[in-house]
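Listed below, chain by chain, are the residues.
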Amino acid sequence: MVSNWTKIPPPLFRKVVIVLIDALRDDFVFGSKGKQFMPYTTEIVEKGTSYSFIAEVKPPTVTMPRIKALMTGSIPGFIDVVVNLNSPALLDDNLIWQAKTAGKRVIFYGDDTWVKLFPKHFVEYDGTTSFFVSDFTEVDDNVTRHLDRVLKREDWDLLILHYLGLDHIGHMTGPNSPLVGPKLREMDNILKKIHTSLLSKEEASLPNLLVVCGDHGMSETGSHGGSSEGEVHTPLLFISSAFEKRSGPLTQPEVVQQTDLASTLAVGLGLPISRNSVGNLILPVVEGKTMREQLRFVHLNGFQLSRLLQENTPVYEKDPGYEHFKIAEKSHGHWIKLYLEGNNSEILLNLGKKVLKQYLEALKALSSSLSKQVAQYDMYSMMVGTVIILEVLLLLLLGVPKALSSRAEFEVPLSPALFSLLFYLLCLTLCAVHVIVCTSTESLCYFCSMSWLTAVGVMMLISALMCGILSAIAKIFENSRLPPKNPVLSSSNWSEIDVLILAGTVGHVLSLGASSFIEEEHQTWYFLINTLCLVLCQELCRNNFLLKECDPQHSTAVKQNFDFIGEAFECKNIDIQAAGNSKLGKAPSSPELIKGSEKWISLASPWIILICCRLLRSLNQTGVQWAHRPDFGHWLTSSEHKSELSFLAAVSLLMIFFLVQRRCSLVSKIAVALGLLGVYSYRAAIGNVIFPWQHDSKDISKGITEARFVYVFVLGIVFTGTKDLLKSQVVSADSSVKSTGLWEVYSGLVLLAALLFRPHNLPVLVFCLLIQTMMTKYIWRPLKCDAAQITVMHYWFGQAFFYFQGNSNGIATVDVSAGFVGLESYVEIPAIFLTAFATYAGPLLWAIHLLCYLTSEVSRNSAAVGHGCFCYALMRSIPVAVYIILVTGLRYHLFIWSVFSPKLLYEGVHVFITAAICLFFTAMDQNHFHKVQDLK
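Fair warning: this is a prediction, and the values are worked out from it, not measured in the lab.

## So, helix α31 (residues 704–731)
Okay, so step 1: In a regular helix each residue adds 1.5 Å, so 28 residues correspond to 40 Å; α31 covers 39 Å between its end C-alpha atoms and thus fits that length.
Okay, so step 2: Those residues of α31 that fall on the buried side of the exposure criterion are I704, A707, V710, Y711, F713, V714, I717, G721, D724, L725, S728 and Q729.

## Things to note about the pattern of salt bridges
Okay, so step 1: Taken as a whole and judged by the stated rule, the model has 21 salt bridges.
Okay, so step 2: As a salt-bridge pair, R153 and D155 come within 3.0 Å of each other at their nearest N and O atoms.
Okay, so step 3: Several salt bridges converge on common partners, so that one network encompasses R14, K15, E154 and K201.

## Here's the deal with the side chain of D498
Okay, so step 1: Relative to the helices and strands, D498 is located in helix α23 (residues 496–511).
Okay, so step 2: Residue D498 is classed as buried on the basis of its relative accessible area, which comes to 10%.
Okay, so step 3: Within the structure, D498 has its side chain in polar contact with the side chain of Q789 (distance 3.0 Å).

## Let's talk about the state of the cysteines
Okay, so step 1: According to the stated counting rule, one finds one disulfide in the structure shown.
Okay, so step 2: The side chain of C438 participates in a disulfide bridge whose partner is C448; the two sulfur atoms lie 2.0 Å from each other. The sign of the S-S torsion, about -85°, decides the handedness of the disulfide formed by C438 and C448: left-handed. Of this pair, C438 sits in helix α20 (residues 421–440) while C448 sits in helix α21 (residues 446–449), and the two are 10 residues apart along the sequence.
Okay, so step 3: With relative accessibility at 21%, the residue C448 sits in the partly exposed group.
Okay, so step 4: The closest cysteine sulfur to the non-disulfide-bonded C852 is located on C664, 10.0 Å from its own sulfur.

## Section: the nonpolar core
Okay, so step 1: In this structure, I656, W796 and F797 are the most contacted members of the largest nonpolar core, which totals 114 residues.
Okay, so step 2: If we skip the residues at most four places from it in the chain, W796 touches L500, I501, G504, T505, W525, L528, I529, L532 and M875.
Okay, so step 3: Core analysis: the second largest hydrophobic core is formed by 68 residues, M71, V106, L309 and Y359 among them.

## Structural notes on the packing of aromatic side chains
Any two aromatic rings considered together are summarised by their centre-to-centre distance and by the angle between their planes.
Okay, so step 1: Within the structure shown, the criterion is met by 30 aromatic pairs.
Okay, so step 2: Residues Y380 and F447 carry aromatic rings whose centres are separated by 5.6 Å and whose planes lie at 50° to one another, so their mutual orientation is tilted. With Y380 in helix α18 (residues 379–398) and F447 in helix α21, this pair connects stretches of sequence that are 67 residues apart.
Okay, so step 3: Y380 sits in the buried class, given a relative accessible area of 17%.
Okay, so step 4: A residue is classified by how much of its surface remains accessible, and F447, at 5% relative accessible area, is buried.
Okay, so step 5: The side chain of K15 reaches across the aromatic face of W156, ending 4.2 Å from its centre.
Okay, so step 6: Lying over the aromatic face of W600, K599 brings its terminal NZ or CZ to 5.4 Å of the ring centre.

## Remarks on unusual backbone geometry
Okay, so step 1: Omega for the bond connecting P59 with P60 falls within 30 degrees of zero, at 10°, which places this linkage in the cis form.
Okay, so step 2: Despite not being glycine, K120 shows a phi value in the positive range, around 65°.
Okay, so step 3: Mapped onto the fold, K120 is located in the loop between α8 (113–117) and β4 (124–128).
Okay, so step 4: In this structure K120 comes out as exposed when scored by relative accessible area, which is 74%.

## Notes on the pairing of strand β7 (residues 233–239)
Okay, so step 1: Counting buried residues along β7, seven of its seven residues qualify, which places the element largely inside the surrounding structure.
Okay, so step 2: Burial along β7 is two-sided: the residues H233, P235, L237 and I239 and T234, L236 and F238 are all buried.
Okay, so step 3: Looking at chain direction, strand β2 (residues 50–56) and β7 are connected through seven bridges and run antiparallel. What sits directly across from S50, in β7, is I239.
Okay, so step 4: Pairing geometry for strand β6 (residues 209–213) and β7, over four bridges, is antiparallel. Among the inter-strand pairings, V212 is bridged to a residue of β7, identified as L237.

## Thoughts on the environment of A847
Okay, so step 1: Inspection of the secondary structure puts A847 in helix α36 (residues 841–856).
Okay, so step 2: Along the primary structure A847 and C869 are separated by 22 residues, whereas in three dimensions their C-alpha atoms are 9.6 Å apart.
Okay, so step 3: Excluding its chain neighbours within four sequence positions, the residues that come into contact with A847 are Y872, I917 and F921.

## Considerations on the packing of α31 against helix α32 (residues 735–756)
Okay, so step 1: At a closest axis distance of 7 Å, the pairing of α31 and α32 adopts a crossing angle of 160°. Accordingly, the angle class assigned to the pair α31 and α32 is roughly antiparallel. In the crossing of α31 with α32, the sense of the turn from one axis to the other is left-handed.

## As for the pairing of strand β1 (residues 16–21)
Okay, so step 1: With respect to burial, β1 is a largely interior element, six of its six residues being buried.
Okay, so step 2: Burial along β1 is two-sided: V16, I18 and L20 and V17, V19 and I21, pointing in opposite directions, are all buried.
Okay, so step 3: Two strands pair when backbone bridges link them, and β1 and strand β5 (residues 158–163) are joined in this way by six bridges, in the parallel orientation. In the strand pairing of β5, V16 is matched with L158.
Okay, so step 4: Pairing analysis gives five bridges linking β1 to β6, with the strands arranged parallel. The partner of L20 across the bridge, within β6, is C213.

The rules behind the values
Residues numbered from 1 in each chain as written. Predicted model: local features only at pLDDT ≥ 70, side-chain atom pairs only at ≥ 80, totals over all residues. Heavy atoms only, no water. Helix = DSSP H or I, 4+ residues; strand = E, 2+ residues; numbered from the N terminus. Expected span 1.5 Å × (residues − 1). Buried < 20%, exposed > 50% of the residue type's maximum accessible area, 1.4 Å probe, protein only. Salt bridge = Lys/Arg side-chain N within 4 Å of Asp/Glu carboxyl O. Polar contact = N/O pair within 3.5 Å; in protein donor to acceptor, adjacent residues only side chain to side chain. Disulfide = S-S within 2.5 Å. Core = buried A, V, L, I, M, F, W, Y, C linked by side-chain atoms within 4.5 Å. Contact = heavy atoms within 4.5 Å. Phe/Tyr/Trp six-rings, centres within 6.5 Å; stacked < 30°, edge-to-face > 60°. Lys NZ or Arg CZ within 6 Å of the ring centre and 35° of its normal. Pairing = 2+ DSSP bridges. Axes fitted to C-alpha atoms, helices over the stretch in contact; angles between N-to-C directions. Parallel < 35°, antiparallel > 145°, perpendicular 65-115°, else oblique. Left-handed = near helix turned anticlockwise from the far one by under 90°.

It is worth stressing that arrangement in space is one thing and function is another; only the former is reported here.
So, in structure tokens, the structure goes:
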């Protein structure tokens, strides 16, 4: 009897058409926009033969994982966000493969992600790239042009259409753009054409089915990837003559899971439900069938879910869902017995309804259990990676005393370790552990799948790092036994800035263990830079009003203590030189006091910076809790305020020119001016802003020519700066030539950021340059802050400006449109580079400015650049290492996919960028260059 129950029933529909409209939010169909721009679809939803649902999507809300969820019924992992750029073939059991195996003919037109996921599955296809977001029309026209021909044919069973235009409009202009309405109207006409054609070709035996859905929604800024309501709620419509006409008042659509579509379509097409599906059958779709058929359908779904539970859970018998399913199955047996006896009474009908209810409860419980257990973690590979990261961090921490001494030496004692007995013993032990783990593990392990040569190399790296750590610890103990020449500095030598840096760093790291603090991390950085401004104000007051009362003899003692501690690897500070250059020795008998107006400007600078930061906070609401609140950016980007936005963009570009040109050569000044003019022209060409003589912006283009015009100047300025840098490094060690070259490279990057930033974000760039200028002239130099303090301040402000741009720890705030500025088609490497640069422009510009500043201070401290590089690497390494440990420990947390995983992705990219920055720092470190020359 069980074998008959699990036999695949015949199909319910002859032909099925799936129309997937990328980024279709539920309110685009069920809200006011639907009534206004999609009248035909609205009429079918309210009065036609259809069933309407809101499909809830699990993060990450990007296209490739969502296609996998729709076709397999499973919940994809967060790594799919990365492989979304170049999707590999889908090997899991899925609806397309089942249809092909059953002999059904599948045709596809649209996003080429489907073609990559399902190669050789379609009898006919035409793919279009999904990443060129500047294309609103051709990308959809390439799909629609096939419709008339394919709808007349009879040689297909399943037709899939994936429209991308709405998603691209969202990325470029947002969900409230005037372009959204015409696109929805276009989609409505397409749905009308398909529905009319299906109705005209229906046969008496089996009806046809039209499914309308979205892969994900879009946020209020038009992006997606996160878990806001606009991103996770999409419409799901089933339209067929097999359904009864709707009557009565319109009710709010029921919420179902997106994964439920795979199970429902499998039943509708007469196919097996995908092996790894966690979805439930959407019962209203089969309500027109007899009770016996309905019970058979839900039993098939329950049987598949219970089998999946048995494969993934050792104690599956105790699972509530499995217990409910067995009870429902037993009741189903009683119903079948009564049915076969010919009992047609009310008792049979009531029992059938009871059994159906039991099955639905069991399906819900089984699906819930499986969704929680779906994440299979490769703990061995995770542990290997964590160990390497922790070893590198520990080496950095142990190298602090020597790396921050006056000579700025950072050495990793690996050479002796490679010839020690301990190294070989560790290698052998780790290789033995690797063999045992890889031969005993039952699940797929990424590290075990690597070649043995690579695995042995990783084991040697771990062993060498461990030996280096032990060697560094031994040296510290050896130096600690040396007799002290001078008394040790007391803790009173810590300034308020040092205490704030330590407390802020520790506090931020600890906050990473809470999901709420990760969602609202911008608040942490805003608080830290505001507090920093207040502490700097206090230091400036002390420097200007109290310093002359200090004891001039104090500096000599401090300097002696400092030199000894630097030699004994116990120092805390960085610039250990002459007492006049030391942070603790900046109380000489003739202190440099700022005279006249500059003194008061210096005192006012922290307060001006605080005002700038407060204005920037009002520009872009970010995070989760307050992201829905209106901000100045939304006001500016609304169509009725285009004149105000144009004026602000023009003023911002002028300010950028005046702040950047001060240290550029004449040629670079002209290039910057023309480049900024090109930036405005580009934004005017694509319709973001208008020129004063323009009355409308009907002639909207892609701005390809204008953007490439700016790229020419960006490359020219960067090339000029690079030429000066090479000259200073190879021809003559002229620090002024190097400073000029670095500033020109920085100016070129500022021009690139101005091009990629949306017009309402240009004030972020202005305030970034203004704050850097004020802090350089009126804070850091008067206070003679050391390189470590300046590096940490740059790092903090860089992090704050990352959020001032409107970024968050959610994927949805990534501005994908920046990756296609000036591109006619999708080119992977430039698109990735431009998107990454636009996203991390804040930290990048502050890091390059740090290098510019430290290079100009080389005459005061030759080791400043080396100190800055080490501190920057350390500031990035500490939170990353701790966060990886936290994420590993919290891998079963409720918000692991929606909060912790996106943050981990951001951290990974940021580490990669930091590594590139540190390499640049090292290349520019003349002190390091001379050391290398001496070694030769």
